[in-house]
Amino acid sequence: MAQGILEDIFKQIQRENAAGSLAILGLAGIPDDSASAISLQSNTGNREYDFKSAQLGGGFRLSEGVPIYLEGYIGYARYDPVLFFSGSGETTTLPLKWTSAAVTGGIGYQFDLGERWKLTPMAHISIGRTQSDASVATQVIAERLGIEGEFLESGGLWAGGAGGSLTLDYARPQTNDREFEMSFRYTHIEYWPIGDDEDLLVQSTAANAVLWSRYRFPTGGRMFGRPVRWVGDLSFSYLIGDQSLVLGTDWLARVGGGIEVDLSDTWVPWVSTTRIMVRYYGSDTVNGFTAGIGISF
């Protein structure tokens, strides 16, 4: 009976940590229009942790006459939760440093709503892998208890995802080489184990709503014969999915600044502008910084 109880506890731990790892995978896989490298810190629940992520990607419309919109992202996330296991009257803590990577693609149709507004519904598919540094230590625990734990023994799982997004964009060029743009985007992707890990009856929802704005204005300087502009942006993200349970917050605010260089008259092929940005992230439980490079074609 005792052995059966331990097996049930261990299997429950596997499911809970599989669900947590899928939530981290969702943070790597959900598209971010201002893709960058992020570093966050928190002491939520009397325990400090670090969270790091990076994403590379973007989207484009095929042409003015063909309103098909395509986007693709490659993301990475690393998070350090702790597994608590009680047995024989003792509590063992096992750090599980989850490393997740995901590839997400999307296709949609962009509707022109007048001169300045665009509406873009999209469908997305995603695939990724989440891996734990503690697979060896966890396997030792499973073997000592005589329990089979495929998920934690292997140290991770493969997962697939499917969902969609809806984006409303607004752009307004102004005089003196100034420009204002704003967007609202809602994204929802469901993740579940695939392949040899599909027997794990868990799933995770990656969903957020993001309100974002950006303002460009001239610095007074020139490079490559074109004006160099300051860029400032501000955004607010509401975490609707399981990522909020992992990070301990359901919202993130971001403010940033940088410069933008016009490369349209240079030898660099296809590139029109390049931005270098630094941003600050904050909420009631986490804070951190991001750095990113944006390229427009």
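Overview of the structure.

How each quantity is defined
Residues numbered from 1 in each chain as written. Predicted model: local features only at pLDDT ≥ 70, side-chain atom pairs only at ≥ 80, totals over all residues. Heavy atoms only, no water. Pairing = 2+ DSSP bridges. Helix = DSSP H or I, 4+ residues; strand = E, 2+ residues; numbered from the N terminus. Salt bridge = Lys/Arg side-chain N within 4 Å of Asp/Glu carboxyl O. Buried < 20%, exposed > 50% of the residue type's maximum accessible area, 1.4 Å probe, protein only. Phe/Tyr/Trp six-rings, centres within 6.5 Å; stacked < 30°, edge-to-face > 60°. Core = buried A, V, L, I, M, F, W, Y, C linked by side-chain atoms within 4.5 Å. Contact = heavy atoms within 4.5 Å. 1 Å grid on protein atoms, 1.4 Å probe; cavity = no way out; pocket = protein on both sides within 12 Å on 5 of 7 lines; lining within 4 Å. Points joined across faces, edges and corners; volume = space filled by probe spheres on them.

Looking now at the pairing of strand β15 (residues 286-296). Here 10 bridges tie strand β14 (residues 273-282) to β15, and the two strands are oriented antiparallel to one another. Considered in β15, the bridge of Arg279 is made with Thr290. Linking β14 back to β15 in an antiparallel pair, the connection comprises three residues.

This paragraph deals with the pattern of salt bridges. Evaluated as defined, the whole model comprises 14 salt bridges. With its nearest N and O atoms 3.8 Å apart, the salt bridge here joins Arg229 to Asp177. Here Asp177 lies in the loop between β9 (156-174) and β10 (178-193) and Arg229 lies in strand β12 (residues 226-239), a separation of 52 residues in the sequence. Glu260 is paired through a salt bridge with Arg216; the nearest N and O atoms lie 3.0 Å apart. Here Arg216 lies in strand β11 (residues 204-223) and Glu260 lies in strand β13 (residues 251-262), a separation of 44 residues in the sequence. According to the relative accessible area criterion, Glu260 is buried, its value standing at 3%. What makes Arg216 buried here is its relative accessible area of 6%. Here the residues in one salt-bridge network are Asp177, Glu179, Glu181, Arg216, Arg229, Glu260 and Arg275, joined through shared partners.

Right, let's get into the packing of aromatic side chains. Scanning the entire structure with this criterion turns up six aromatic pairs. Taken together, a centroid distance of 4.8 Å and an interplanar angle of 55 degrees make the contact between Tyr109 and Phe111 tilted. When its relative accessible area of 38% is taken as the criterion, Phe111 is described as partly exposed. On the numbers, 5.4 Å between centres and 65 degrees between planes, the contact of Tyr280 with Phe289 is edge-to-face. Ring pairing ties together the aromatic residues Trp117, Tyr170 and Phe180, which thus form one cluster.

Let us look at the nonpolar core. Within soluble globular proteins, side chains that are nonpolar generally end up buried alongside one another. Core analysis: the biggest nonpolar cluster contains 25 residues, and Leu22, Ile24, Leu25, Leu40, Phe51 and Tyr191 have the highest contact counts within it. Of all the secondary structure elements, the ones that give two or more residues to this core are α1 (2-29), β1 (37-42), β3 (68-79), β9, β10 and α4 (243-247). Here this core takes six residues from α1, the largest share from any one element. Not counting the four nearest positions on each side in its chain, Ile24 is found in contact with Phe51, Ala77, Tyr79, Ser100 and Val246.

So, on to empty space enclosed by the protein. Over the atoms rolls a probe the size of a water molecule, and its path tells where empty space is left. Inspection of every chain in the model, using the stated rule, returns one cavity of 30 Å³ or more. In this structure, the largest cavity occupies an estimated 440 Å³ of space. Considering the residues around the largest cavity, the lining is formed by 30 residues, among which Ile30, Asp32, Ile38, Asn208 and Tyr281 are closest to the centre. Only α1, β1, β2 (49-61), β10, β11, β12, α4 and β13 provide two or more residues apiece to the lining of the largest cavity. Top contributing element to the lining of the largest cavity by residue count: β2, with four residues.

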